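Summary of the model geometry
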There are 2 protein chains.
Amino acid sequence: MQGPQPRQRPAATYPPTERTVPTRSPDRAAYDRELVHAILDEGYVCHLGFVRDGAPVVLPTLYGRVGEVLYVHGSTGSRPLRAAGRADQGLPVCLTVTHVDGLVLARSAFHHSVNYRSVVVHGLAYDVTDPEEKRQALDALVDHVVPGRAADSRPASKKELAATAVIRLELDEVSAKLRTGGVNDEPEDLALPHWAGVVPLSKGYDTPLADPDLAPGTELPGYLTAL
Amino acid sequence: MQGPQPRQRPAATYPPTERTVPTRSPDRAAYDRELVHAILDEGYVCHLGFVRDGAPVVLPTLYGRVGEVLYVHGSTGSRPLRAAGRADQGLPVCLTVTHVDGLVLARSAFHHSVNYRSVVVHGLAYDVTDPEEKRQALDALVDHVVPGRAADSRPASKKELAATAVIRLELDEVSAKLRTGGVNDEPEDLALPHWAGVVPLSKGYDTPLADPDLAPGTELPGYLTAL
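First, a word on scope: everything that follows refers to the structure included in this document.

Calculation notes
Residues numbered from 1 in each chain as written. Chains lettered and ligands numbered in written order. Predicted model: local features only at pLDDT ≥ 70, side-chain atom pairs only at ≥ 80, totals over all residues. Heavy atoms only, no water. Helix = DSSP H or I, 4+ residues; strand = E, 2+ residues; numbered from the N terminus. Buried < 20%, exposed > 50% of the residue type's maximum accessible area, 1.4 Å probe, protein only. Contact = heavy atoms within 4.5 Å. Areas by Shrake-Rupley, 256 points an atom, 1.4 Å probe, with all protein chains shown as cover. Lys, Arg positive; Asp, Glu negative; His and termini not counted. Charge placed at Lys NZ, Arg CZ, Asp CG, Glu CD. Buried area = accessible area lost by both parts, 1.4 Å probe. Salt bridge = Lys/Arg side-chain N within 4 Å of Asp/Glu carboxyl O. Polar contact = N/O pair within 3.5 Å; in protein donor to acceptor, adjacent residues only side chain to side chain. Nonpolar A, V, L, I, M, F, W, Y, C, P; charged D, E, K, R; others polar. Pairing = 2+ DSSP bridges. Least-squares fit on C-alpha atoms with pLDDT ≥ 70 in both. Arc of directions from axis to C-beta. Phe/Tyr/Trp six-rings, centres within 6.5 Å; stacked < 30°, edge-to-face > 60°. Lys NZ or Arg CZ within 6 Å of the ring centre and 35° of its normal.

1. Structural notes on the overall build of chain A
Scanning chain A from terminus to terminus reveals five helices and 10 strands. Put simply, chain A has 227 residues, and 53% of those count as buried. Put simply, of all contacts in chain A between residues at least 6 apart along the chain, 71% involve residues at least 24 apart. Roughly 11,000 Å² of accessible area belongs to chain A as shown, and the carbon and sulfur atoms make up 53% of that amount. In chain A, 23 side chains carry a positive charge and 29 a negative one; their mean positions are 4 Å apart.

Right under this line is the structure:
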């Protein structure tokens, strides 16, 4: 008699596919699962692409990650979510998340660049119909924006859940792409009198602005002061 | 005899089309030309969508604006740029630029949102073959990232120009979408003990990191100290 099988650990990398191997700068591509998760978890706004009447559409939207699944939500009336709901076999989508880390100013116009980290996910998006999965997805979306916030808000009602469409996209065909480091000028340009280097970009939070109708005694929660 | 006709000023708004009028939250859509230009000019990284083998692809890339034309550049080997070069009738693309301005924390999970400003451009992208237009486009791209920088760098050589593909996209079918302001909680939720409000996001520049091989005496230029 055997005991329970140990749960299989996912491979450390996503297997590259024809469309996740770039034709240019393949050295900038990465498939490491932890790196992909870290890039995804640092953001909360993605750009979701789908095809409508043969033409591409790219919309910014919020997302959340639960393990190897990304969730995107929207109104049940929005076009991509309606399309996913109709598509029994899933809606082909491409979901991209990008962080820009620095401006790379080379001596030559040609070698100007930016340092960035991006993740591109290809796959089929499916409408989430199970209420429990939908609720967990919405919690993940809220916690993606501000960790700890989902537990400190009124959960969605049945009516609100019904008005919200959620689609799921498996992390399966995935790649990261990165540019890091300094300028790559041509050797013969090094003596030119143009300043060259990297301007790092910073992101932050300004002082939270409380709603004027806060219930008396409501304090700024710790997860916001910690931001 | 008539003198020269006065140059026609563009209309103050982009005419809405079926695909630039959202099915949801139409009150957030705007077509004002100056607003669209301002949102485009504040950024330099867009998400460019195109269709490949029937599936959407969304890639982050740099862009520049010259009047009513957007330029996107890349290697002549990259997929969308090669596809645009082959497409006599233009490559259908969707180019989206998004700025996230604040996190909107409502008392209810359902009403969480973000404040943002985005522009979505639909159209056909064409390969730029005229060397002079290509050069101007590259200057616009560099100046979009750091205004004033194009004039303070070595211009692209003929060989570099030949290795760079540039596509042009007319600002024709364009819309902006915005969410501003505070939380929109349900009246019956106002007394709940959850903090609610907006957390403004800030973006900035950290101290520039000079390339170690700068020519002696090269100072940080004024357009960088002014950032």
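2. Examining the interface of chain A and chain B
How big an interface is tends to be expressed through the accessible area that disappears when the partners come together. Contacts between chain A and chain B engage 88 residues on the former and 88 residues on the latter. Between chain A and chain B, a total of about 7,300 Å² is buried, with carbon and sulfur atoms accounting for 62% of that surface. The partner of R154 of chain B in a salt bridge is D189 of chain A, and the shortest N-O contact between them spans 2.7 Å. In this assembly, chain A and chain B are joined by 33 residue pairs in polar contact (both at pLDDT 80 or more). Per-element tally for the side of chain A that touches chain B: the top contributor is strand β9 (residues 197-205) of chain A, with nine residues. Considering only residue class, the side of chain A that touches chain B consists of 49 nonpolar, 21 polar and 18 charged. Summarising the sheet, β9 of chain A and strand β10 (residues 209-210) of chain B pair through two bridges and their orientation is antiparallel. By the bridge assignment for β10 of chain B, V198 of chain A is matched with L209 of chain B.

3. Some thoughts on the relation of the copies chain A and chain B
At an RMSD of 0.0 Å, chain A and chain B line up after a rotation of 180° and a shift of 0.0 Å along the axis. What the rotation and shift describe, once combined, is the action of a two-fold rotation axis. For chain A, the smallest separation between a C-alpha atom and the rotation axis is recorded for K203 of chain A, amounting to 2.3 Å. Comparing contact sets, 100% of the residues at the interface of chain A also lie at the interface in chain B, consistent with an isologous, same-surface contact.

4. Regarding the pattern of salt bridges
Residue and element names in this part refer to chain A. Within this structure, the stated rule accounts for 26 salt bridges over all chains. Notably, a salt bridge pairs R65 with D41, separated by 2.8 Å at the nearest N-O pair. Taken together, the residues span a long stretch of sequence, with R65 in strand β3 (residues 55-66) and D41 in helix α1 (residues 33-42) at a distance of 24 residues. The network of salt bridges with shared partners includes E42, D101 and R117.

5. Here we look at the side chain of S113 of chain A
Counting through the fold element by element, S113 of chain A comes out in strand β6 (residues 113-127). Within the structure, S113 of chain A has its side chain in polar contact with the side chain of R179 of chain A (distance 3.5 Å).

6. Side note on unusual backbone geometry
Residues and elements named next belong to chain A. In this structure, D53 takes a positive phi of about 50° despite not being glycine. For D53, the position within the fold is in the loop between β2 (45-52) and β3. Judged by its relative accessible area of 74%, D53 falls in the exposed class.

7. A word on the pairing of strand β7 (residues 164-170) of chain B
Residues and elements named next belong to chain B. Among the seven residues that make up β7, five are buried, leaving the element largely enclosed by the rest of the structure. Taken together, the two bridges between strand β6 (residues 113-127) and β7 define a ladder with antiparallel strand orientation. From the neighbouring strand, Y126 faces β7, where its bridge partner is R168.

8. Regarding helix α1 (residues 33-42) of chain B
All names here are of chain B. Listing the buried residues of α1 in full gives R33, V36, H37, I39 and L40. Angular distribution of buried residues about the axis of α1 spans 165°; they occupy a single face of the element. For α1, the N-terminal cap is D32; the gap from its side-chain oxygen to the backbone nitrogen of E34 is 3.3 Å.

9. Some thoughts on the environment of A55 of chain A
Here A55 of chain A shows up in strand β3. A55 of chain A gets classed as buried once you look at its relative accessible area, which sits at 11%.

10. A closer look at the packing of aromatic side chains
All chains considered together, the criterion is met by zero aromatic pairs over all chains. Above the face of the Y14 of chain A ring, R33 of chain A is positioned so that its terminal group lies 4.3 Å from the ring centre.

11. Section: the pairing of β3 of chain A
Bridge count between β2 of chain A and β3 of chain A: eight bridges; the pairing is antiparallel. Bridge assignment links L48 of chain A to a residue of β3 of chain A, and that residue is L59 of chain A.

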